[in-house]
Structures are given as structure tokens and as C-alpha cells.
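Summary of the model geometry
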Amino acid sequence: MTRDEFRDRLLEIMERKQHWAWPAFTSGLVSKAKLHLHLEQEYAVYVRDFPVLVGRAYVQCPIPAVRRELAENLYEEETGGLHAGKPHPELFLEYPKGLGFDLRRFETVELLPAAREYRHALDRLTTSNGWAVSAAVVTLFIEGTPYERALFDPKAPARPEPPLEAHPLVRHYGMPVEALALTRAHRGVEGQHRLSAWRVMLDHVPADERPHVLEGLEDALQAWLTWRDEVARVCGVTRSAIAQP
Ligand SMILES: [Fe+2]
Ligand SMILES: [Fe+2]
């Protein structure tokens, strides 16, 4: 597999990181009471421990140039010391706080069955498959979006970035704009994390590891899709409700 083929296969997987129920979360279709569940599961399944997941790729990697990229990402996610000013998992909690939710619930979240499966997949892929799979799953899959192709192709659709006042949590759920601290921080720093993830994948993953990385990402994607089906179900979102908003 050439470098270009590898890049295309990675992009194809990322382009499938989309879920049919997502429009219900961005159009106000999900009730505010149910939105609680969505945020709690997101937080407990990967947001809270995201810096630790980056750290798992870091400790397994024998390549200093890659470790430096991961260390910078880890430092920012864990402390906000380079950009956001606060740890990113803490900034995430500004969303439920701004929505008036009970933050104590975020300390004792019980993962739903498919959330537990997704987390098991993330734990397995980040601990027992080598540094390349670990870095791919954490920095490309978890942090990435279906719009990665725009980094390489100016004609590919870019990730939509509406003004913060038009953010769905503000527009449909009455959250104050100030509570979008994480969104603001990500708009400032996440572009660097995307470029760093791709540099690591394309310049440093050994050619014979590429198929292994693709398999790992596909596993992560399947577990993610099943988890998102479950979140849609508990939030009362059905395909027919999406079809006729
Ligand atoms: Fe972040
Ligand atoms: Fe990041």
C-alpha cells in the first residue's frame, strides 16, 4: 500500500464517521432533558479520559518526532497550557453547566451497554496494538471529523463553522455563548492537532503497519456507530423523526 493509498483509505474511514441521528442533536429535536444523557455518555466514554488516551500512544512510541507531537497534544488537552487556558475535559463541562444541568451526575455516569463496548474497543486499540494503531484511533479517529479531506483538497467540503451565536446549544437550548469555551478553544487549536495527526500517520507509520492501522480504525468506527445508535435510542430519536423534522 503506497502512502497515497493509505491516506485515501484513512480519509474514506473518516468520511463514514457520520451518524444518521446527528441532525436531531443540532436542530433542537432532542428534548433538553434527554440531551443530558447524550452529554453524560460523551463525557464518560472518551472526553474525561482523552488526555490519558493520548498518553497511551505516547508511551508506546519509539519515534522521538512522533512523541513530541503527541506530547504537545497531550499537554494542551490535559492542561490547556498552550491555548485553551484550562484542561479540555473541564471545559467540556461548561456545556452542561451552561445548560443548567446537575454536574454531580457527571461524576458518576454509568455507561450504557454500547458505550461500554465502544470504550472497551478504545481501551483495547490504545493499549495492545502498538503505537501506530493507538495514535490513529486517538488523534485521527476520536479527534477527527468526516471533513478531514478538506485538509488536502480545497474542493472537499470543509467542516461547517457557524458563528458561536448560531451554535445548536445556544440556539435551541438557551445555553449562554460563554459556555462554548471548548468550542472556541478547539477552533483555535484543533487545526494544529489535525495536521499533527496526519503528519504522524503519513510520515511515520511504517508501511507494513498501514493495514493494521486501517483495521483498528474500522473497528473503532463500527463500535462508535453502534454507540451512537444507542444514544439516539435513549434520546428518543427515530429515523422517521429525522426524515420529517
Ligand atoms: Fe481538545
Ligand atoms: Fe485536540
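This report concerns the structure included in the present document. All chains use their own residue numbering, which begins from 1 and follows the written sequence. Here every chain gets a letter starting at A, and every ligand a number starting at 1, in the order they are written. It should be noted that, the model being predicted, local features are given only for residues of pLDDT at least 70 and side-chain atom pairs only at 80 or more, the latter also being counted only at that level, while totals for whole chains, interfaces and linings use all residues. Note: side-chain values were computed over all heavy atoms of the structure, leaving out hydrogens and water.

1. Re helix H12 (residues 210-234)
Where we set the bar: Strands here mean DSSP runs of E at least two residues long; helices mean DSSP runs of H or I at least four residues long; both are numbered from the N terminus. Here a helix's expected span is defined as the number of its residues, less one, multiplied by 1.5 Å.
The end-to-end C-alpha separation of H12 is 36 Å, in line with the 36 Å expected for 25 residues at 1.5 Å each. With its phi angle positive at about 75°, Gly236 sits one or two positions after the end of H12.

2. Re the coordination of the iron ion (ligand 2)
Note on metal geometry: ideal angles are 109.5 degrees for four donors arranged tetrahedrally and 90 or 180 degrees for six donors arranged octahedrally. Worth spelling out the cut-off: Donor atoms: N, O and S within 2.8 Å of the metal, or within 3.2 Å for Na, K and Ca. Because water is excluded, sites can look incomplete. Angular criteria define each label, namely tetrahedral for four donors with all angles between 85 and 135 degrees, square planar for four and octahedral for six donors with opposite donors over 155 degrees apart and remaining angles between 65 and 115, and irregular for whatever fails these tests.
Looking at the iron ion (ligand 2), one finds its protein donor set to be Glu77 (OE), Glu143 (OE), Glu190 (OE) and His193 (ND1), positioned 1.8 to 2.3 Å from the metal centre. One can describe the donor arrangement at the iron ion (ligand 2) as irregular, given that its four donor atoms subtend angles of 95 to 138° at the metal. Along the chain, the residues donating to the iron ion (ligand 2) are arranged with the sequence spacing E-x65-E-x46-E-x2-H.

3. Points about the pattern of salt bridges
This is how the line gets drawn: Salt bridge criterion: a side-chain nitrogen from Lys or Arg within 4 Å of a carboxyl oxygen from Asp or Glu. Throughout, exposure labels follow a simple rule: accessible area from a 1.4 Å probe, protein chains only, divided by the maximum for the residue type, with under 20% read as buried, over 50% as exposed, and the rest as partly exposed.
Under the definition given, this model contains 16 salt bridges. Glu15 is the partner of Arg149 in a salt bridge, and the nearest nitrogen-oxygen pair spans 2.6 Å. Here Arg149, found in the loop between helix H9 (130-142) and helix H10 (168-173), pairs with Glu15, found in helix H1 (residues 3-15); they are 134 residues apart in sequence, far enough to count as distant. Assessed through its relative accessible area of 22%, Arg149 is described here as partly exposed. Taking the shortest distance from any N to any O, the salt bridge between Arg56 and Asp123 comes out at 2.8 Å. You can see Arg56 sitting in helix H4 (residues 50-60) and its partner Asp123 sitting in helix H8 (residues 113-127), a full 67 residues away along the chain. Salt bridges sharing common partners tie together Arg48, Asp49, Arg56, Arg119 and Asp123.

4. Quick look at the nonpolar core
In plain terms, the rule: In plain words, nonpolar cores are sets of buried Ala, Val, Leu, Ile, Met, Phe, Trp, Tyr and Cys residues tied together by side-chain atoms within 4.5 Å. Two residues form a contact once any of their heavy atoms are found within 4.5 Å.
By size, the foremost hydrophobic cluster in this structure holds 75 residues, and its most contacted members are Leu10, Tyr118, Phe141, Met201 and Val213. With residues up to four places along the chain from it excluded, the contact list for Met201 reads Phe6, Leu10, Ala132, Ala135, Ala136, Leu140 and Val213.

5. Things to note about a nonpolar patch on the surface
Definition in use: For patch building, the residue pool is restricted to those with more than 30% relative accessible area and no salt bridge; the joining distance is 9 Å between like charges and 5 Å between nonpolar side chains (Val, Leu, Ile, Met, Phe, Trp, Tyr). Throughout, the Shrake-Rupley method with a 1.4 Å probe supplies accessible areas, and for residues the shown protein chains are the sole cover considered.
Together, Leu151, Phe152 and Leu195 give the surface a local cluster of nonpolar side chains, amounting to about 230 Å² of exposed area. With respect to the helices and strands, Leu195 occurs in helix H11 (residues 181-204).

6. Some remarks on the coordination of the iron ion (ligand 1)
Only Glu77 (OE), Glu77 (OE), His88 (ND1) and His186 (NE2) from the protein reach the iron ion (ligand 1) as donors, at distances of 2.2 to 2.6 Å. Viewed at the metal, the four donor atoms of the iron ion (ligand 1) are separated by angles of 52 to 172°, and the geometry they form is irregular. When the donor residues of the iron ion (ligand 1) are listed from N- to C-terminus, their spacing reads E-x10-H-x97-H. A separation of 3.5 Å is found between the iron ion (ligand 1) and the iron ion (ligand 2), both of which receive a donor from Glu77. In this pair, His88 sits in helix H6 (residues 88-92) while His186 sits in helix H11, placing the two residues 98 residues apart along the sequence. Owing to a relative accessible area of 3%, His88 belongs among the buried residues under this scheme. Relative accessible area serves as the criterion here: at 27%, His186 is assigned to the partly exposed category.

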